[in-house]
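These are the residues of each chain, in order.
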Amino acid sequence: MHAAVLSAFGETPRYAEFPDPVAREGESLLEVRAASLNRVDRARASGGHYTSGAEGDLPIVCGLDGVGISMSGARVYFGLPRAPYGSMAERTVVPDWMLAPIPSGLSDAEAAALINPGMAAYLPLAWRGRLAAGETVLVLGATGVTGRLAVQMARLLGAGRVVAAGRDPKALESLTGLGADALISLDRPEDELAAAFSAEAGDEGFHVVVDYLWGPPMNALLAALTRNEFKAAEHETRIVQVGDMAGPAVELPAEVLRSAPVTLTGSGGFAPPEVRMEAFGKLCEFAGSGALKVAVEEVPLAEVEEAWRRGDRDGRRQVLVP
């Protein structure tokens, strides 16, 4: 079969032949219909991700999830193919517990593009962030594919106010049509950014912060949350850390945690099965009804090298198709 084959960490995967997979007990063999090219796929291929594996594991097929057809003819979303197989291939093999039926209202490409970033939007808000109706949400890194979904999801889950922060002016402006009540440009000095966060937080503050950036933007937010007076805590600010596109480290002065009711948690760890299934169901429900939108760029699998180098454009998620 043909697949996106990675022979060395840090290189671009190539469209090449790879041995066909054979299913073991408890697994399903799938004909792949669509595979999303996610940021985590790039991170794993760089060799620097905590799930990258070792050089001795190479070569491997890239891709963590996608949409396929089972041997029984069922159209399913799948995740976590057994190494060395991946989703960016003509066929793959996955554990049975990582299969879920896809409703007819979603195309193969839409489902492949939606589920991974959709989970990274839904779970930080509903599960880790415990978003309640009427609360205020800040999305740091709102102009990427996942951030755009998080803005929409916050509104769909009942947020009273959604503040979107990003660097791309055109993409940021478009978020007002997806549910953002206020926009914050990150393209400014850190002290000015902290002032902008303070202004948008107002007296009520932010209840849930979904952070896809880390680095300097988070430093500015922490500075904005630090109080210079004794004041009764009305509610906590629940920060959920998801990505580090702006930098791998932050400064965390002790006074931040002493002066303000801030809870900082990561998005890491696999959600329990019932939580994952609830999230999957909500994503399919919202997308099937048209309430949740993800922009897609379909790319032939044979052009994986070019797609890998180019990356997502205009907020569209690249999806590899046969």
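For the structure, check the block above.
What you see is a predicted model; the values in this text were computed from it and never measured. (Residues numbered from 1 in each chain as written. Predicted model: local features only at pLDDT ≥ 70, side-chain atom pairs only at ≥ 80, totals over all residues. Heavy atoms only, no water.)

> What exactly am I supposed to notice about the overall build of the protein here?
A tally of helices and strands in the protein yields nine helices and 16 strands. Here the C-alpha radius of gyration of the protein, 20 Å, is about what a compact globule of 322 residues would show, namely 20 Å. If one aligns the C-alpha atoms of the protein with their principal axes, the spans along those axes are about 65 × 40 × 35 Å. Looking at the protein as a whole, 50% of its 322 residues are labelled buried. Sequence separation of at least 24 residues holds for 71% of the intrachain contacts in the protein that already meet a minimum separation of 6. Approximately 14400 Å² of the protein is accessible, and the part contributed by carbon and sulfur atoms is 51%. (Helix = DSSP H or I, 4+ residues; strand = E, 2+ residues; numbered from the N terminus. Rg over C-alpha atoms; globule rule 2.2 N^0.38 Å. Buried < 20%, exposed > 50% of the residue type's maximum accessible area, 1.4 Å probe, protein only. Contact = heavy atoms within 4.5 Å. Areas by Shrake-Rupley, 256 points an atom, 1.4 Å probe, with all protein chains shown as cover.)

> Quick question: what am I supposed to make of the packing of aromatic side chains here?
Aromatic ring pairs: the centre-centre distance and the angle between the two ring planes describe each pair. Evaluated as defined, the whole model comprises two aromatic pairs. Between the aromatic rings of Y77 and F280, the centroid separation amounts to 5.9 Å while the plane-to-plane angle is 35°, which identifies the pairing as tilted. Of this pair, Y77 sits in strand β6 (residues 75-79) while F280 sits in helix α8 (residues 273-288); the two residues are 203 residues apart in sequence, bridging distant segments of the chain. Stacked on the ring of W308, the Lys or Arg R42 has its end atom at 5.4 Å from the ring centre. Between the NZ or CZ atom of R128 and the centre of the ring of W127, over which it lies, the distance is 4.2 Å. (Phe/Tyr/Trp six-rings, centres within 6.5 Å; stacked < 30°, edge-to-face > 60°. Lys NZ or Arg CZ within 6 Å of the ring centre and 35° of its normal.)

> Explain the pairing of strand β16 (residues 316-321) to me, please; I cannot follow it from the model alone.
Residues in a regular strand project their side chains so that they alternate between the two faces of the sheet. Taken across its six residues, β16 has five buried, putting it largely inside the fold. The sheet contact formed by strand β3 (residues 27-36) and β16 spans two bridges and is antiparallel. Residue S36 lies in a different strand from β16, and its bridge partner there is V319. Between strand β15 (residues 295-300) and its parallel partner β16, the chain crosses via helix α9 (residues 304-310), and the hand of that crossover is right-handed. (Pairing = 2+ DSSP bridges. Right-handed = clockwise from strand over helix to strand, strands pointing away.)

> How should I be thinking about the sheet that holds strand β12 (residues 208-211) in this particular structure?
By definition, the strands of a sheet pair up through backbone hydrogen bonds, in either a parallel or an antiparallel sense. Across the sheet, which stays open at both edges, the six strands sit in the order β11-β10-β9-β12-β13-β14 with parallel pairing between neighbours. The strands lining the two open edges of the sheet, one partner per strand, are β11 (182-185) and β14 (262-266). Strand-to-strand, the axes of this sheet are offset by a mean angle of 15°, without reference to chain direction. Bridging between strand β13 (residues 237-241) and β14 involves five bridges; their strand directions are parallel. Of the residues in β14, the one forming a bridge with Q241 is G266. This element, helix α5 (residues 190-201), spans β9 (136-140), β10 (161-166) and β11 of the sheet and lies at about 170° to β11. (Axes fitted to C-alpha atoms, helices over the stretch in contact; angles between N-to-C directions.)

> Honestly, the sheet that holds strand β1 (residues 2-6) in this entry has me stumped. Any pointers?
The strand order across the open sheet formed by three strands is β2-β1-β4, and the pairing between neighbours is antiparallel. Looking along the sheet, the strands with just one partner apiece sit at the ends: β2 (14-17) and β4 (60-61). Inspection of the sheet shows β1 paired to β4 by two bridges, in the antiparallel sense. Residue pairing in the sheet places V5 in a bridge with V61 of β4.

> Teacher, can you tell me more about α8 here?
Along its 16 residues, α8 runs 22 Å from first to last C-alpha, staying within 8% of the 22 Å computed at 1.5 Å per residue. Three or more residues of α8 are buried, namely V275, R276, A279, F280, L283, C284, F286 and A287. Buried positions along α8 lie against β6, β8 (99-101), α2 (108-128) and α3 (145-156). (Expected span 1.5 Å × (residues − 1).)

> So what exactly am I meant to see when it comes to the packing of α2 against α8 here?
Helix-helix packing: each pair is described by the crossing angle between the helix axes and the interaxial distance. Running from N to C, α2 and α8 point in directions that differ by 115°, and their axes come no closer than 10 Å. Of the two possible hands of crossing, α2 and α8 adopt the one that is right-handed. Between α2, through L114, I115, G118, M119, Y122, L123 and W127, and α8, the contact on the second element is made entirely by V275, R276, E278, A279, F280, K282, L283 and A287. Within the contact of α2 with α8, the residues separate by chemical class into eleven nonpolar, one polar and three charged. (Left-handed = near helix turned anticlockwise from the far one by under 90°. Nonpolar A, V, L, I, M, F, W, Y, C, P; charged D, E, K, R; others polar.)

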